[in-house]
Amino acid sequence: MLIKNRTKSVRIKKLEVMQRRIIRHHQRYLSIEDELSGRLAGHFGEQSNDYFLKPFREFSVVHDLRLSAHDSYFQIDTLLLSPRYLVNLEVKYITGTLVFDHLNQVIRLKDDGTEEAFKNPIFQVKRQQSHLIEWMAKNRIPPIPVRSLVVMSNPRTIIKAPPSNKEVPQYITHSPYLQERIKVIDKMYGEEKLTKKEVGKLSKMLVRHHTPENPDLLKRYQIEEEDIIKGVYCTECFYMPVVRKKATWHCPKCSYKSKDLHLNTLSDYALLYGQSITNKQFCDFLCLSSRHTAKRLLDNMNLTHTGGYKGRVYTLPYPT
Ligand SMILES: [Zn+2]
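The notes below deal with the structure included here. (Residues numbered from 1 in each chain as written. Predicted model: local features only at pLDDT ≥ 70, side-chain atom pairs only at ≥ 80, totals over all residues. Heavy atoms only, no water.)

Right, let's talk about the overall build of the protein chain for a bit. Helix and strand counts for the protein chain stand at 10 helices and 16 strands. Put simply, the protein chain has 320 residues, and 47% of those count as buried. Long-range pairs, those at least 24 residues apart, make up 60% of the contacts in the protein chain with a sequence separation of at least 6. When the accessible surface of the protein chain is summed, it comes to about 17800 Å², and 52% of that surface belongs to carbon and sulfur atoms. With 51 positive and 34 negative side-chain charges, the protein chain shows a separation of 6 Å between the mean positions of the two kinds. (Helix = DSSP H or I, 4+ residues; strand = E, 2+ residues; numbered from the N terminus. Buried < 20%, exposed > 50% of the residue type's maximum accessible area, 1.4 Å probe, protein only. Contact = heavy atoms within 4.5 Å. Areas by Shrake-Rupley, 256 points an atom, 1.4 Å probe, with all protein chains shown as cover. Lys, Arg positive; Asp, Glu negative; His and termini not counted. Charge placed at Lys NZ, Arg CZ, Asp CG, Glu CD.)

It is worth spelling out the sheet that holds strand β14 (residues 276-278) at this point. Spatially, the 3 strands line up as an open sheet ordered β14-β16-β15, and their pairing is antiparallel. Each edge of the sheet is formed by a strand with only one pairing partner; in this case those strands are β14 and β15 (304-306). Strand after strand, the sheet turns through a mean of 35 degrees between neighbouring axes, direction not considered. Strand direction decides the pairing type here: β15 and strand β16 (residues 313-315), joined by 3 bridges, are antiparallel. The partner of Thr306 across the bridge, within β16, is Val313. (Pairing = 2+ DSSP bridges. Axes fitted to C-alpha atoms, helices over the stretch in contact; angles between N-to-C directions.)

Moving on, we come to the packing of helix α8 (residues 261-273) against helix α9 (residues 279-286). Each pair of packed helices can be described by the angle between their axes along with the distance between the axes. Look at α8 against α9: their axes get within 11 Å of each other, and the N-to-C directions meet at 110 degrees. One element, α8, and the other, α9, form an angle in the roughly perpendicular class. Crossing of α8 against α9: the hand is right-handed. Note on element contacts: α9 touches α8 through Gln281, Phe282, Phe285 and Leu286, opposite His262, Thr265, Leu266, Asp268, Tyr269, Leu272 and Tyr273. By residue class, the composition of the contact of α8 with α9 is 7 nonpolar, 3 polar and 1 charged. (Parallel < 35°, antiparallel > 145°, perpendicular 65-115°, else oblique. Left-handed = near helix turned anticlockwise from the far one by under 90°. Nonpolar A, V, L, I, M, F, W, Y, C, P; charged D, E, K, R; others polar.)

Per the stated rule, a full pass over the model turns up 1 cavity of 30 Å³ or more. Put simply, the largest cavity is a space of about 80 Å³. Around the largest cavity sit Asn279, Arg291, His292, Lys295, Tyr309, Lys310, Arg312 and Tyr314, which together line it. Broken down by element, the lining of the largest cavity gets its largest block of residues, 3 residues, from helix α10 (residues 291-300). Among the residues forming the lining of the largest cavity, the class breakdown is 2 nonpolar, 2 polar and 4 charged. (1 Å grid on protein atoms, 1.4 Å probe; cavity = no way out; pocket = protein on both sides within 12 Å on 5 of 7 lines; lining within 4 Å. Points joined across faces, edges and corners; volume = space filled by probe spheres on them.)

Following Met240, the chain continues into Pro241 via a peptide bond in cis, with omega recorded as 0 degrees. Its location among the elements puts Pro241 in the loop between α7 (217-220) and β11 (243-245). Positive phi values are uncommon outside glycine, yet His70 reaches one of about 50 degrees. Positionally, His70 belongs in the loop between β2 (60-69) and β3 (72-81). Phi angles above zero are rare outside glycine, and Cys287 is one such case at about 55 degrees. Relative to the helices and strands, Cys287 is located in the loop between α9 and α10. Judged by its relative accessible area of 48%, Cys287 falls in the partly exposed class.

At the metal site, the zinc ion is ligated by Cys234 (SG), Cys237 (SG), Cys251 (SG) and Cys254 (SG), and these contacts range over 2.2 to 2.3 Å. Around the zinc ion, the 4 donor atoms sit at angles spanning 106 to 114 degrees, and that spread fits a shape best called tetrahedral. The buried category is assigned to Cys234, whose relative accessible area is 0%. (Donors = N, O, S within 2.8 Å, 3.2 Å for Na, K, Ca; no water. Tetrahedral: all angles 85-135°; square planar, octahedral: opposite > 155°, others 65-115°.)

Let's shift gears to the pairing of strand β7 (residues 115-118). By the bridge criterion, 4 bridges tie strand β6 (residues 106-109) to β7 in an arrangement that is antiparallel. Note that in β7 the partner of Val106 across the bridge is Phe118. Linking β6 back to β7 in an antiparallel pair, the connection comprises 5 residues, with Gly113 at a positive phi of about 95 degrees.

If you want it as structure tokens, here you go:
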């Protein structure tokens, strides 16, 4: 049973807005594109791995968890829950070859022949596993075995390790073998540690404690206000800015027309600057010359607001 689905992270959504709106000659523009393409590959890798989870109907499945541990957070891509054991899956979409040595140091050989040091995903899942066990103990969940696997969702990823390294075959698998690996785990744990009702309660508790990440990417990439392209964009061809004529937005490039194009642009605003907006900020970001038009559009959105008529601050919907 699927308890919590996977959606694009706020980080990816912010990067998409930045890719759309940062001036092309900004010195960090290519780094933004790089991070976005890496994260999108990861996201689609996780999605494609979900296909291999379909046979496991008896599990409660929770995707994308971010839970607090001490002063920071730990993240879990997919958690499978059953009354007998839990399985933590860390899904990786990696191109090239991962080479482990007998000390578990990892090098990634890229397709272009270059190599780079790579964070060991086995350490990563072990850390997640111990954080999860601690988290459950703190939340008074009866002890239950937790196993972890690193799942390679790109079928072309090659894993190399010396025979003396026993952890690589124990922890790492490719998506198509996931079912077999879970069958083996299933045979190891016969005893029910939680009732079905307790598994349901635990799943809901995990979802309730999930804290989405909200990174300040403008600060990280040193983006100033003048680096951001303003205006309403066309949802058909992404041209910007579209023009407003007779209460309708018109795209000069593809001739698309719509009364609602400002809504997507406000979602961009919320991702860049947060959900609060004044009439002046609205006019400025949407390149509107009339504050009366702005007021009408804001009123039509039925947003909650604070402050009097002049200093009114509206709260935009959480960007989706
Ligand atoms: Zn267009």
